[in-house]
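Below are the chains, spelled out letter by letter.
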Amino acid sequence: MSSEKLPGQGVTQPVAAPSRTIRFIMVGGFLGAGKTTTLARLARQYMAAGHTVGIVTNDQATDLVDTNSLRSQGFDVGEVAGACFCCHFNELIATLGQLDDSRAPGIILAEPVGSCTDLVATVVQPLKQLYSARFSIAPYSVLLKPSHGLKVLRGEGSGFSPKAAYILEKQLEEADAVLINRADELSSEQMQELVSLVQKKVPGTPVLRVSAKTGEGFDGFCEFLEQEGIFGRKVLEIDYDIYAEGEAELGWLNTSLTIRSEQPVSLDTFLLGVIEKLKKSLGAKGAETAHLKAIGLWEGFFGVANLTSSDGPAELSLPSRCAVQEAEVVVNARVAIDPEHLQELVIASLQAVADELGVQVTLRQTQSFRPGRPNPTHRLATPV
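Below, the structure is looked at part by part. (Residues numbered from 1 in each chain as written. Predicted model: local features only at pLDDT ≥ 70, side-chain atom pairs only at ≥ 80, totals over all residues. Heavy atoms only, no water.)

**A closer look at the sheet that holds strand β12 (residues 315-318)**
Taken in spatial order, the 6 strands make up an open sheet running β12-β11-β10-β13-β9-β14, and their pairing is antiparallel. Two strands close off the open sheet at either side, each with one partner strand: β12 and β14 (360-369). When strand polarity is set aside, the average angle formed by the axes of neighbouring strands in this sheet is 20°. As judged from the 7 bridges shared by strand β10 (residues 289-298) and strand β11 (residues 301-307), these two strands associate in the antiparallel manner. (Pairing = 2+ DSSP bridges. Helix = DSSP H or I, 4+ residues; strand = E, 2+ residues; numbered from the N terminus. Axes fitted to C-alpha atoms, helices over the stretch in contact; angles between N-to-C directions.)

The following block contains the structure:
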């Protein structure tokens, strides 16, 4: 396949050179790979070493669980919403500038949308070629979730269509390093098989074993990110028709709501209950889950529950350990199902758990759709 010529490839004028450069570290990976947990651990590790850190999150819509979660953990977070970094490149630059103005970070960590690829040509290279005086670009790493990775690379499918699996494979192809996440959960035989499959798919690309949950492998990951050299140059040969169709097969939902109760109820029980109900109802429809996330926030307390694949357990990843009479809740769902059906199932699950716990639910905003065709602001196919 040949690279497709895309609209919007005009070159903008670089900004005036500042007196210092910011280290820009972007970590990609498919939905559910663990990017947010990885960025939070990286941020804590860099901050412990004396660095000032900013984080940029990204989503096709507003009301992002990841942004709320990272801010609740005390990080300085900017958000690019409404499209991926590549399609909202100017908004990415503006958000980076806002973080710079507010905290003057030495390091900015960026999390792109999990269904995006071709980020070297549309984000890394534009930053290198247009803003080289402002940003020092770290090697581009891509997280791989073992359950998805094994299925796709074995050729067994992933529960998604081949067009969605195509996105995951392209993510691996453009990576300067592939990070096998959840290393602590794999047997030595499973790890060796996955490493071999990755090396066969992308020969010569470093493969690192990490656990965003425990921190295993992060010292080596940070050492890799400190390297300078010929990185961020793997411009893809990519078919944008397949890419767009793969993204469009996912139903995308973000909803925000308020819960109220006359008596205190466990916020964690509510959040985990919603994710468990959704897992069951989506499973009954045969709909593969890329990820489900729910966050609850109340007066400085917060909790997060999630599900990262249909065959995995619902987890309380960040417990709040509090009982509340009122809380703000955000739910994000990325599932291979029609968005209208996804919205119906999410609302039904919320109401079912609310009824069980004697909680009143007031919906504030819901966005439910299929992602549109990627239309990058820039696509620079000649790397520097």
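**Considerations on the environment of Gly155**
Along the chain, Gly155 turns up in the loop between α5 (146-154) and α6 (162-173). In sequence terms Gly155 and Ala165 are 10 residues apart; their C-alpha atoms lie 9.8 Å from each other.

**A short note on helix α10 (residues 267-284)**
Under the 1.5 Å per step criterion, the end-to-end length of α10 is 26 Å for 18 residues, consistent within 8% with the ideal 26 Å. Every buried residue of α10 is accounted for by Leu267, Asp268, Phe270, Leu271, Gly273, Val274, Ile275, Leu278, Ser281 and Leu282. Where α10 is buried, its residues meet β9 (251-266), β10, β11, β12, β13 (323-335) and α11 (339-357). Immediately downstream of α10, the backbone of Gly286 shows phi near 70°, a positive value. (Expected span 1.5 Å × (residues − 1). Buried < 20%, exposed > 50% of the residue type's maximum accessible area, 1.4 Å probe, protein only. Contact = heavy atoms within 4.5 Å.)

**Looking at the packing of aromatic side chains**
Under the criterion given, the structure shown has 7 aromatic pairs. Across from the ring centre of Phe218, 6.0 Å away, lies the NZ or CZ of Arg41, which sits over that ring. (Phe/Tyr/Trp six-rings, centres within 6.5 Å; stacked < 30°, edge-to-face > 60°. Lys NZ or Arg CZ within 6 Å of the ring centre and 35° of its normal.)

**A look at the nonpolar core**
Grouped together as the largest cluster of nonpolar side chains are 62 residues, with contacts concentrated most on Phe24, Met26, Leu127 and Phe135. Residue contacts for Leu127: discarding those within four places in its chain leaves Phe24, Phe89, Ile93, Ser132, Phe135 and Ile137. (Core = buried A, V, L, I, M, F, W, Y, C linked by side-chain atoms within 4.5 Å.)

**Observations regarding the side chain of Lys35**
Along the chain, Lys35 falls in helix α1 (residues 35-48). Reaching out from Lys35, the side chain makes a polar contact with the backbone oxygen of Phe30 at a distance of 3.5 Å. Ignoring anything within four residues of it in the chain, the contact list for Lys35 reads Val27, Gly28, Gly29, Phe30, Glu111, Pro112, Gly114 and Leu143. (Polar contact = N/O pair within 3.5 Å; in protein donor to acceptor, adjacent residues only side chain to side chain.)

**What to know about the pairing of β11**
Within β11, 6 of the 7 residues are buried, which leaves it mostly tucked inside the rest of the structure. Here β10 folds back onto β11 in antiparallel fashion, the turn holding 2 residues, of which Glu299 has a positive phi close to 45°.

**Some words on unusual backbone geometry**
Unlike most non-glycine residues, Glu299 shows phi in positive territory, near 45°. In this structure, Arg321 takes a positive phi of about 55° despite not being glycine. Its place among the elements puts Arg321 in the loop between β12 and β13.

**Details of the pattern of salt bridges**
Following the criterion strictly, the structure yields 18 salt bridges and no others. Taking the shortest distance from any N to any O, the salt bridge between Asp59 and Arg334 comes out at 3.0 Å. In this pair, Asp59 sits in strand β2 (residues 53-59) while Arg334 sits in strand β13, placing the two residues 275 residues apart along the sequence. A salt bridge links Lys170 to Glu173, with the shortest nitrogen-to-oxygen separation between them at 3.1 Å. Linking Lys170 with Glu173, this pair stays in helix α6, spanning 3 residues, or about one helical turn. A relative accessible area of 28% places Glu173 in the partly exposed class. Members of the salt-bridge network, linked through shared partners, are Glu169, Lys170, Glu173 and Lys201. (Salt bridge = Lys/Arg side-chain N within 4 Å of Asp/Glu carboxyl O.)

**Topic: helix α3 (residues 89-103)**
With 15 residues, α3 extends 21 Å between its outermost C-alpha atoms, agreeing within 8% with the 21 Å of an ideal straight helix rising 1.5 Å per residue. What α3 keeps buried is the set Phe89, Leu92, Ile93, Thr95, Leu96, Gly97, Leu99 and Asp100. Those residues of α3 that are buried lie in contact with β1 (22-29), β2, β3 (76-81), β4 (107-110), α4 (119-130) and β5 (135-137). Ala104 sits one or two positions beyond α3 and adopts a positive phi of about 45°.

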